[in-house]
Amino acid sequence: MSKIERAEVLVASPGRTFVTLRITTTDGVTGLGDATLNGRELAVASYLRDHVVPLLIGRDPARIEDMWQYLYKGAYWRRGPVTMTAIAAVDTALWDIKGKVAGLPVYQLLGGRSRDGVLVYSHASGTDVPSLLDDVERYLELGYKAVRAQAAVPDVGGTYGVRKGRVYEPAATELPEEQPWDTEAYLGFAPTYLEAVRERFGFGFHLLHDVHHRLTPIEAARFGKSVEGCRLFWMEDPTPAENQESFRLIREHTTTPIAVGEVMNSIWDVQHLITGQLIDYVRTTVVHAGGITHLRRIFDLAALHQVRTGSHGATDLSPVSMAAAVHLDIAVPNFGIQEHMGHPEETAEVFRTGVTFADGMLHPSEEPGLGVAYDDKAAERFPYRRRYLPVARRLDGSVHDW
């Protein structure tokens, strides 16, 4: 019977920093898992190397559920982003191995296709309204059927979600960039540029917007009501989700759909949001919510309460994680949409993925497993570089919610 012979933690920065776990069995089959936690990558790398890898050697790679329970319950200290990201890496790598052993793509092991492709959205942004409109047009011409729109608030100096180069990457400095934030200016400006997008391009595509946790519940309710005419696909992260009951107040004041969950790590973190039908889309991810095994449980709970999926898919998810997401997305019955941001060219030098884009949708690889590969030689050219996400500060100098 095959056993786990080796587990390697690979850290490289091809355009951004990724942590990858590679598990090899005694039969020579390898599986890859993403273990990237944006801005805290080395914490997960250490958790894996020092505490998890020694537990894997000699175990049966086919016992995915048992391995998940062993790593989750056996640590005593449960949940949290570091723990759940490490478990996700193991879980995803074992699904990759199982698919290769079975000779099937992972989505077939999950029950097969529920749809022909995975609807995705990407990020349009601008330093002002005209440049935002030009960027929205660019994505529509590329074939996207859903676009997120963000523009810099005038005279504030820094706004989340505005791309500075070809690829949007917020974790771009060796120390956190401190960006100013003005809630009233945002509340006055954001509805105007969303209305401008609809006025120019109409309603023939899905329009999304990310608030990024920066409003109080009543401010979020005010914002959601003000943009109802734009018929947003969703407003994302309207308020910090630690107090889940606060979303009820937003619900009572607006019919704009709500998406939450990219910073959540387990089914227990989103349980009340889902069972209370306080959100419309749950945005938890393969890499930060315990892997395919646990994310499927979250999605199943969501399906019972008419909540759809909308997984996070920014550039801090490696091509390994994105491939796993697409395999799960195409199989679950309550899929909604998948975030999709292109990686820098350097990333493609290290990771090979069979995921393809066509007609506004992603399509999984038909290769056995996840259909991803890691190039060690290429990775050597991209040593680790520390990068942090920016920190938002109110105009009075106090730290604001991210």
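Here goes a summary of the coordinates provided. All values reported here derive from a predicted model rather than from experimental measurement.

**Looking at helix α5 (residues 129-141)**
- Under the 1.5 Å per step criterion, the end-to-end length of α5 is 18 Å for 13 residues, consistent within 8% with the ideal 18 Å.
- For α5, every residue scored as buried is listed here: L132, L133, D135, V136 and Y139. Each buried residue of α5 lies within a common arc of 160° when the element is viewed along its axis, so the set occupies one face.
- Buried positions along α5 lie against β4 (118-126), β5 (146-151) and α6 (183-201).
- Looking one or two residues beyond α5, the residue adopting positive phi is G143, at roughly 105°.

**Section: the pairing of strand β2 (residues 18-25)**
- Of all 8 residues making up β2, 8 are buried, and the element is well covered by its neighbours.
- Neither face of β2 is exposed, since F18, T20, R22 and T24 on one face and V19, L21, I23 and T25 on the opposite face are all buried.
- The pairing of strand β1 (residues 4-12) with β2 spans 8 bridges and is antiparallel. Of the residues in β2, the one forming a bridge with R6 is T24.
- The antiparallel pairing of β1 with β2 creates a hairpin that spans 5 residues between the two strands, and G15 there sits at a positive phi of about 90°.
- Connecting β2 to the next strand, strand β3 (residues 30-34), in antiparallel fashion are 4 residues, including G28 with a positive phi near 85°.

**Points about the nonpolar core**
- In terms of nonpolar packing, the biggest core is built from 120 residues, with I23, L48, V90 and F223 touching the most fellow members.
- For this core, the element with the most residues is helix α3 (residues 81-102), which contributes 9 residues.
- Residue-level mapping places this core at the junction of two domains, with at least three residues from each of domain 1 (4-105) and domain 2 (109-368).
- The contact partners of F223, leaving out residues within four places of it in the chain, are Y186, L187, A190, P191, L194, H209, V211, L215 and M235.

**Some details on the packing of helix α2 (residues 64-74) against helix α10 (residues 291-304)**
- α10 packs onto α2 with a crossing angle of 90° between their chain directions and a minimal axis gap of 9 Å. Relative to α10, the element α2 is oriented roughly perpendicular. On α10, the residues that touch I64, E65, W68 and Q69 of α2 are T293, H294 and R297.
- A per-class count over the contact of α2 with α10 returns 2 nonpolar, 3 polar and 2 charged.

**Thoughts on the environment of K145**
- Relative to the helices and strands, K145 is located in the loop between α5 and β5.
- Of the residues examined, K145 reaches a relative accessible area of 43% and is grouped as partly exposed.
- Taking the C-alpha atoms as reference, K145 lies 9.3 Å from S122; in sequence the two are 23 residues apart.
- Those residues in contact with K145 that sit more than four places away from it in its chain are L119, F205, H206, D359 and G360.
- Of the polar contacts made by the side chain of K145, one reaches the backbone oxygen of D359; its length is 3.3 Å.

**Regarding unusual backbone geometry**
- Residue D155 is not a glycine yet carries a positive backbone phi of 65°.
- The residue D155 is located in the loop between β5 and β6 (178-181) in this model.
- A positive phi angle is found at Q277, which is not glycine, with a value near 50°.
- In this fold, Q277 is placed in the loop between α9 (267-275) and β10 (281-282).
- Classification of Q277 as partly exposed rests on a relative accessible area of 38%.

Quick notes on the rules
- Residues numbered from 1 in each chain as written.
- Predicted model: local features only at pLDDT ≥ 70, side-chain atom pairs only at ≥ 80, totals over all residues.
- Heavy atoms only, no water.
- Helix = DSSP H or I, 4+ residues; strand = E, 2+ residues; numbered from the N terminus.
- Expected span 1.5 Å × (residues − 1).
- Buried < 20%, exposed > 50% of the residue type's maximum accessible area, 1.4 Å probe, protein only.
- Arc of directions from axis to C-beta.
- Contact = heavy atoms within 4.5 Å.
- Pairing = 2+ DSSP bridges.
- Core = buried A, V, L, I, M, F, W, Y, C linked by side-chain atoms within 4.5 Å.
- Domains from an automatic or database assignment.
- Axes fitted to C-alpha atoms, helices over the stretch in contact; angles between N-to-C directions.
- Parallel < 35°, antiparallel > 145°, perpendicular 65-115°, else oblique.
- Nonpolar A, V, L, I, M, F, W, Y, C, P; charged D, E, K, R; others polar.
- Polar contact = N/O pair within 3.5 Å; in protein donor to acceptor, adjacent residues only side chain to side chain.

Shape descriptors only; they carry no functional weight alone.
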